[in-house]
Amino acid sequence: MSKKHFPESELIINADGSCFHLHLKPEQLADKIILVGDPARVDTVAAHFDTKECDVSSREFHTITGTYKGKRITVQSHGIGCDNIDIVANELDTLANIDYNTREEKANHRTLTMVRIGTCGGLQPNTPTGCFVASVKSIGFDGLLNYYAGRNEVCDLQLEEAFKKHMKWNPIKGSPYVSVADKELIDQIAQDDMVRGYTISCGGFYGPQGRVLRANLEDPKQNEKIESFEYEGMKICNFEMESSALAGMASLLGHRAMTCCMVIANRYTTEMNTEYKNSIDTLIEKVLDRI
């Protein structure tokens, strides 16, 4: 059987041998990857490293690979939104599983472990500002996974239907999907000091998360219905903007992934912590020690 060949228009490789957006070369990627939204947070994570071997920046994508307590780790920024996760997840996978010289898929699959550290809005009384939430399953409002074959095989279809029924979902907004984080990785990272629950990944910060400024919402009762939804004894704990795409793309591509976030706003109690950057380092240290 001939190997699949990836033409220049599909697998775009820069003149220096790096992938198109991340500007990262295959040899610069570790098997353990920490993902963060803010490019500046890459330096915050890497400040804990014992050694650094590369530091690469392109647009909102900032990468540092180094070692922490004997573990080789890459910390990678992805910017905001599931559309950026589509770029990052695909390009990291190409670095691991496509030979950049021959443009052919490698014979042996290389599995990456990806943990996203982010911030989020809590939706329940047990997710106050400052607590850490691990996303067991993520409901994607963005529609990204619907563009890929195999999405039904990696999604929780029963939860999808239960959620749409509970929400009286308007199909004009597209179909939400439910991606599933790697269970063993959740246990490894979340342990007993993170709240586990469902997460909603939104396609925006304002309307999709139920915020009302000058533009009114299609469903003014959206957040009330989200807060009351329960399935198999678990509730929706938080809003953020990337976890559904990360878990879904990782499942499609054969990698391990999860998201853990610090709550910086609680929509249920209307509290907000704008000084969260001073305390998220605690979550960073936990993930570095456990990954």
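Analysis parameters
- Numbering of residues starts from 1 in each chain and follows the order in which that chain's sequence is written.
- At least 70 in pLDDT is required for a residue's local features to be given in this predicted model, at least 80 for side-chain atom pairs to be given and counted, and no such filter applies to totals for whole chains, interfaces and linings, which use all residues.
- Think of the side-chain values as coming from all heavy atoms in the structure, minus any hydrogens and water.
- UniProt positions are given in the numbering used here, feature names are shortened, and annotations may be inferred rather than shown by experiment.
- A run of H or I in DSSP becomes a helix once it reaches four residues, and a run of E becomes a strand once it reaches two; helices and strands are each numbered from the N terminus.
- Our radius of gyration is a C-alpha quantity, and the globule rule it is checked against amounts to 2.2 Å times the number of residues to the power 0.38.
- In this scheme, a residue with accessible area under 20% of its type's maximum is buried, one over 50% is exposed, and one in between is partly exposed, where area comes from a 1.4 Å probe on protein chains only.
- Residues are treated as being in contact if the distance between any of their heavy atoms lies within 4.5 Å.
- Here the accessible surface of atoms and residues is derived via Shrake-Rupley with a 1.4 Å probe, and residues count as covered only by protein chains that are part of the display.
- The arc in question is the one spanned by the directions pointing from the helix axis to the C-beta atoms.
- Two N or O atoms count as a polar contact when they lie within 3.5 Å, although within protein this holds only if one can serve as hydrogen donor and the other as acceptor, and sequence-adjacent residues are included solely when both atoms are side-chain atoms.
- For patch building, the residue pool is restricted to those with more than 30% relative accessible area and no salt bridge; the joining distance is 9 Å between like charges and 5 Å between nonpolar side chains (Val, Leu, Ile, Met, Phe, Trp, Tyr).
- A pairing counts as a salt bridge when a side-chain nitrogen of Lys or Arg comes within 4 Å of a carboxyl oxygen of Asp or Glu.
- Planes of paired rings set the category: under 30 degrees apart is stacked, over 60 is edge-to-face and the rest tilted, where pairs are Phe, Tyr or Trp rings (Trp by its six-membered ring) whose centres lie within 6.5 Å.
- The rule is short: NZ of Lys or CZ of Arg within 6 Å of the ring centre and within 35 degrees of the ring normal puts a charge over the ring.

The name that an unreviewed UniProt entry assigns to the chain is Uridine phosphorylase, with the source organism given as Xylanibacter ruminicola. Annotation of the chain in UniProt includes, under Catalytic activity (unreviewed entry), the sentence "uridine + phosphate = alpha-D-ribose 1-phosphate + uracil".

Visitor: Describe the overall build of the chain, naming the residues involved and giving the relevant values.
Guide: On a plain count of helices and strands, the chain comes out with eight helices and 14 strands. Taken against the 2.2 N^0.38 rule, which gives 19 Å for 291 residues, the C-alpha radius of gyration of the chain at 19 Å falls within 12% of a compact globule. Across its three principal axes, the chain shows a C-alpha extent of roughly 55 × 45 × 40 Å. Taken over 291 residues, the chain has a buried fraction of 54%. Counting only contacts in the chain whose residues sit at least 6 apart along the sequence, the fraction spanning at least 24 positions is 75%. Accessible surface, the chain as shown: approximately 13,300 Å² in total, 49% of it carbon and sulfur.

Visitor: For helix α1 (residues 39–46), give the residues involved together with the corresponding values.
Guide: A turn of α-helix holds 3.6 residues, and therefore any two residues three or four places apart point the same way. Listing the buried residues of α1 in full gives R41, V42, V45 and A46. For α1, the buried positions fall inside an angular range of 140° around the axis, keeping them on one side. Residues of α1 that are buried make contact with β1 (32–36), β2 (51–58), β3 (61–68), β4 (71–77), β7 (113–122) and α8 (281–290). For α1, the N-terminal cap is D38; the gap from its side-chain oxygen to the backbone nitrogen of A40 is 2.9 Å.

Visitor: Describe a nonpolar patch on the surface, listing the residues and the values that go with them.
Guide: On the surface, F205, Y206 and L213 cluster together to form a nonpolar patch covering roughly 330 Å² of accessible area. With respect to the secondary-structure elements, L213 resides in the loop between β10 (195–201) and α6 (222–228). The exposure class assigned to L213 is exposed, which follows from its relative accessible area of 60%.

Visitor: Pulling in residues and values, what's your account of the environment of Y177?
Guide: Here Y177 shows up in strand β9 (residues 177–180). A polar contact of 3.0 Å, which involves the side chain of Y177, links it to the side chain of D142. A distance of 3.0 Å separates the side chain of Y177 from the side chain of S244, its partner in a polar contact.

Visitor: Tell me what's going on with the packing of aromatic side chains, and back it up with residues and numbers.
Guide: Counted according to the given criterion, the structure contains five aromatic pairs. On the numbers, 6.1 Å between centres and 50° between planes, the contact of F163 with W169 is tilted. Of the two residues examined, F163 and W169, each falls in the buried class. Measuring from centroid to centroid gives 5.5 Å for F163 and F229, while their planes differ by 90°, and the two rings are edge-to-face. Of this pair, F163 sits in helix α4 (residues 157–167) while F229 sits in the loop between α6 and β11 (230–231), and the two are 66 residues apart along the sequence. A relative accessible area of 0% means that F163 is categorised as buried. Looking at F229, the relative accessible area reads 3%, which means it is buried. What links up through ring pairs into an aromatic cluster is the set F141, F163, W169 and F229. Lying over the aromatic face of W169, K173 brings its terminal NZ or CZ to 4.3 Å of the ring centre. One residue, R211, lies across the ring of F205, its end atom 3.9 Å from the ring centre.

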